[in-house]
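Chain by chain, the residues run as shown.
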Amino acid sequence: MPHATGTLARRAGHHVRTSLFTQVLIALVLGVLVGRLWPAAGSSLQPLGDGFVRLIKAMIAPLVFCVVVAGITKAGDLKAFGRIGVKALLWFEVATSIALVVGLLAANVFTPGAGMHIDPASLDKGAVAAKTGGGQLPSAAQFVLESLPHSAVGAFAENSLLQVLVLACLVGAALLHLGQKKVPQILPLIEQAQDVVFTVVGFIMKLAPLAVLGATAHLVGEYGLGAMATYGKLIAVCYGVALAFLVLLAGALKAVTGLSLWKFVRYTREELLLALGTGSSETVMPRMMQKLRAAGCRDDAVGLVLPTGYSFNLDGASIYLSIGTLFIAQAIGVDLTLGQQVTVVLVLMLTSKGMAGVPGSAFLALSATASALGVIPAAAVALLLGVDRIMDSMRVATNLLGNCVAVFAVSRWEGALDRVTAKKVLNGEHPAAAPADGPAEQDRVHRRAEPVPEPPKQAVAEPGTATPPRDV
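Residues numbered from 1 in each chain as written. Predicted model: local features only at pLDDT ≥ 70, side-chain atom pairs only at ≥ 80, totals over all residues. Heavy atoms only, no water.

Caption draft 1: Region of the structure containing unusual backbone geometry. Phi is positive for T111, close to 40 degrees, though the residue is something other than glycine. By secondary structure assignment, the location of T111 is in the loop between α5 (78-110) and α6 (127-132). Assessed through its relative accessible area of 27%, T111 is described here as partly exposed. Non-glycine residue N159 carries a positive phi angle of around 55 degrees. On the secondary structure map, N159 appears in the loop between α8 (152-157) and α9 (161-178). (Helix = DSSP H or I, 4+ residues; strand = E, 2+ residues; numbered from the N terminus. Buried < 20%, exposed > 50% of the residue type's maximum accessible area, 1.4 Å probe, protein only.)

As structure tokens, then:
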């Protein structure tokens, strides 16, 4: 019996040391306990999460650039890349519109703000301005203009994904135009740089449990668990609608590709748990890109659709904004007509596209919607300040899964999806489905599983004859 107990303990210890999912789950539980028992100490741990997010963000721009350039060059068809972009935008618009409509329907049915009888005059008018830092969402023209880089270095320095995508498309197009004969060393250099970035990401991921511990402890210590009771109905409606929307996404994924969303969730459980723990989907973008490529999606589709979705496909945010708008109206006793609710959908369809990277963007979008309606005081938006951080988990999970489903769907639509490989990976039958220490290590394991071709035999020149030329 002691021997069996020791063996079990060793296995458990080995599992904890090697499983990122287990490490993050333990860190999540510890974060809740620290924040609940020692709120002041929990609040002071925020730098752990913020530092991890900064390190990951530093790698995203070069990674997106390398993946997109390599994807365009390998595909050898710039028109196909353009088609992927158009189909992705079409998918994004349909998905976010459905999310907005489903959110409005649920808010009308369950009325999460009914009976609160809040007087807008009693709310702090400056609270929303303090949350947003006095910023504002860009207009449509400004959004398009800011997507164009004013400096090649600035796009990377500011970590602007859309600007990096534009640069990557230009570089990829130039490489296709010049051909491998004129620039034979560029593509191998970009692929080597990509390997380096993935390796660095693997190093940073070692810190993921600490990041989750710090972020969770700060959340619980700063906001407490009291908001769960005060806004219980709103939280339940938002999370319930997000779950229903994911069921719709699962059906769409199955119909378009024949793949299972549940199996994909199981395949990416480490990334999803990390995104939930840190409250940021950007922290897992590098690993998601690697896993999507390993699951049969072509490089150019992954490199374009996933990063673009971070700006255009905010399904979770759309659900939250639509429900939040009606919650505010119901809480202050304003009954919105059908025409006003249609206005809510139209305004949010526009404002949600410029939310990425803007501090307090959800409150800016809600304020813009309230101004467009003309019947909700701007100060009433402050009602959601106490619950906004709790909604991060819902928004992050829904946004992330929505973007990944878009990658699979658009890849299938464009013929850039290897469904045989995808099914094997999601079923756990492929080596790439069992990641090692990091994305780079996973890629090395996959390469080791492939047979290594024997080097071609070189002709030996006879004495006095010229050396025969080699094929390059």
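Caption draft 2: A look at the packing of α9 against helix α17 (residues 299-312). For the pair α9 and α17, the least separation of the axes is 9 Å and the interaxial angle reads 150 degrees. Here α17 runs roughly antiparallel to α9, going by the angle between their axes. As α9 packs across α17, the resulting crossing turns out to be left-handed. Together, L161, L162 and L165 of α9 and G303, L304, P307, T308, S311 and F312 of α17 make up the contact between the two elements. Residue classes in the contact of α9 with α17 are distributed as six nonpolar, three polar and no charged. (Axes fitted to C-alpha atoms, helices over the stretch in contact; angles between N-to-C directions. Parallel < 35°, antiparallel > 145°, perpendicular 65-115°, else oblique. Left-handed = near helix turned anticlockwise from the far one by under 90°. Contact = heavy atoms within 4.5 Å. Nonpolar A, V, L, I, M, F, W, Y, C, P; charged D, E, K, R; others polar.)

Caption draft 3: Layout of the nonpolar core. Counting 125 residues, the largest nonpolar core has V64, L234, F264, L306, L384 and F408 as its most contacted members. Take this core: its biggest share by element is 13 residues, from helix α4 (residues 46-75). Apart from residues lying up to four places away in sequence, L384 is in contact with L234, Y320, G324, F327, I328, F363 and L366. (Core = buried A, V, L, I, M, F, W, Y, C linked by side-chain atoms within 4.5 Å.)

Caption draft 4: Spatial organisation of the environment of E222. Mapped onto the secondary structure, E222 falls in helix α11 (residues 208-223). The exposure class of E222 is partly exposed, given its relative accessible area of 47%. E222 sits 178 residues away from S44 along the chain, and the two C-alpha atoms are 9.2 Å apart.

Caption draft 5: Representation of the pattern of salt bridges. Applying the stated criterion across every chain, the model contains nine salt bridges. Note that R83 and E414 form a salt bridge whose closest N and O atoms lie 2.7 Å from each other. Within this pair, whereas R83 is found in helix α5, its partner E414 is found in helix α21 (residues 392-414), the two being separated by 331 residues in sequence. With a shortest N-O distance of 2.6 Å, R287 and E271 are connected by a salt bridge. (Salt bridge = Lys/Arg side-chain N within 4 Å of Asp/Glu carboxyl O.)

Caption draft 6: Region of the structure containing α4. With 30 residues, α4 should cover 44 Å at 1.5 Å per step; its first-to-last C-alpha distance of 43 Å lies within 8% of that length. Immediately downstream of α4, the backbone of G76 shows phi near 70 degrees, a positive value. (Expected span 1.5 Å × (residues − 1).)

Caption draft 7: Representation of helix α10 (residues 186-204) within the structure. Spanning 19 residues, α10 covers 27 Å between terminal C-alpha atoms, matching the ideal 27 Å at 1.5 Å per step. Among the residues making up α10, those that are buried are L187, I190, Q194, V197, F198, V201, G202 and I204. Looking straight down α10, one finds that the buried residues subtend no more than 160 degrees of arc, so they occupy a single side. Every exposed residue of α10 that faces more than 90 degrees away from the buried side is listed here: L189, V196 and F203. (Arc of directions from axis to C-beta.)

Caption draft 8: Structural context of the packing of aromatic side chains. Considering all chains together, one arrives at three aromatic pairs under this definition. Each ring, one from F65 and one from F156, has its centre 5.6 Å from the other, and the planes form 70 degrees; the classification is edge-to-face. Highlighted residues: F65 in helix α4 and F156 in helix α8, separated in sequence by 91 residues. On the basis of relative accessibility, which here comes to 30%, the residue F156 falls in the partly exposed class. Pairing F264 with F408 gives two aromatic rings, centres 5.4 Å apart and planes at 90 degrees, and the pair type is edge-to-face. Here F408 lies in helix α21 and F264 lies in helix α14 (residues 261-267), a separation of 144 residues in the sequence. Overall, the relative accessible area of 2% leaves F408 in the buried class. Among the aromatic side chains, those forming a connected cluster through ring pairs are F264, Y267 and F408. Residue placement shows K291 over the ring face of Y267; its charged tip is 4.9 Å from the ring centre. Seen from the ring of Y320, R395 lies directly overhead, with NZ or CZ sitting 4.6 Å from the centre. (Phe/Tyr/Trp six-rings, centres within 6.5 Å; stacked < 30°, edge-to-face > 60°. Lys NZ or Arg CZ within 6 Å of the ring centre and 35° of its normal.)

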